[in-house]
Structures are given as C-alpha cells and as structure tokens.
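# Residue-level structural notes
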Amino acid sequence: MVVANTVWYVPDNIVIDSAFFWVGADASSGDTVRCHLMSYDIITTAGSTSGNLSGGVVVADGGDIVSAGYEQAYYQSMTIQNASVSAGKALFFTFRQDGTNSDYSISATIKYHLI
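Right, let's walk through the structure included here. (Residues numbered from 1 in each chain as written. Predicted model: local features only at pLDDT ≥ 70, side-chain atom pairs only at ≥ 80, totals over all residues. Heavy atoms only, no water.)

Summed over the entire model, instances satisfying the criterion amount to two salt bridges. For Arg34, the salt bridge identified is with Asp64, shortest N-O distance 2.6 Å. Taken together, the residues Arg34 in strand β3 (residues 32–42) and Asp64 in the loop between β4 (53–61) and β5 (65–66) connect sequence positions 30 residues apart. When its relative accessible area of 27% is taken as the criterion, Arg34 is described as partly exposed. Residues Lys89 and Asp41 are paired through a salt bridge, measuring 2.4 Å at the closest nitrogen-oxygen approach. Of this pair, Lys89 sits in strand β9 (residues 89–97) while Asp41 is found in strand β3, placing the two residues 48 residues apart along the sequence. For Lys89, a relative accessible area of 19% puts it in the buried group. Judged by its relative accessible area of 34%, Asp41 falls in the partly exposed class. (Salt bridge = Lys/Arg side-chain N within 4 Å of Asp/Glu carboxyl O. Helix = DSSP H or I, 4+ residues; strand = E, 2+ residues; numbered from the N terminus. Buried < 20%, exposed > 50% of the residue type's maximum accessible area, 1.4 Å probe, protein only.)

Counting residues in hydrophobic clusters, the biggest one holds 19 residues, and the most contacted among them are Ile16, Val23, Val85 and Leu91. Going through the elements one at a time, β2 (14–25), β3, β4 and β10 (104–114) are the ones with two or more residues in this core. The leading source of residues in this core is β2, at six residues. Once residues within four sequence positions are removed from consideration, Val23 is found in contact with Val33, Ile65, Ala73, Tyr74, Phe95, Tyr104, Ser105 and Ile106. (Core = buried A, V, L, I, M, F, W, Y, C linked by side-chain atoms within 4.5 Å. Contact = heavy atoms within 4.5 Å.)

Shown next as structure tokens:
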C-alpha cells in the first residue's frame, strides 16, 4: 500500500485541539461508517524499510454513523483520545465502512497548535 499521498508527517510537537468531518454517500442506500485519526511511528531513513509504520495510537475517534445514503450529509465532531503528537510521527485520517452500498466523500478538519 502506498501511503505517501495520504500521510501527514508532523515535523514539530503538536496538540490536537479538535477533529471533525463531513461524510456523504453516492448511492441511495448507505453503510455504517466510522472514522479515526491515527498516529504512527514512521521510518524516515532511506532504505528498504523507509516509510514503514508501527506503534499506532488512536488520536481521535467517533461513534458509528448509520448512513441512509445520499439523501443527507453527516457531520461528526470526534472525541480526542490522545491530544499530544510528538515530532516525527505520521498522522492518518482513516475511514471504515461495513458494506459496499456506496462510495463516500469525506471532508475532515483537524485543528491543532504547536507546543
């Protein structure tokens, strides 16, 4: 899996203040969906293990959203579980659906400050 286009490499120590997202389906029937903001250790040295991830931690999460399909968009403010993210970590916003009823569009916003 190529993650270079989705990784948010954090060069400084930060604190996550809030995380929220909008999600919408493209079909009339939806799935149950869930999102997480995850932090990982990432290898940054050149070589065959460069980009490898380990030590995943949930930074923010939310409850299941039972999508009824494209009739509406859903908003969720996520619960911060581990606000402090150390320099050198990789952050990923992840999405899970429990079926294949729809394709989804997501707009996520992560508010943070440097420490």
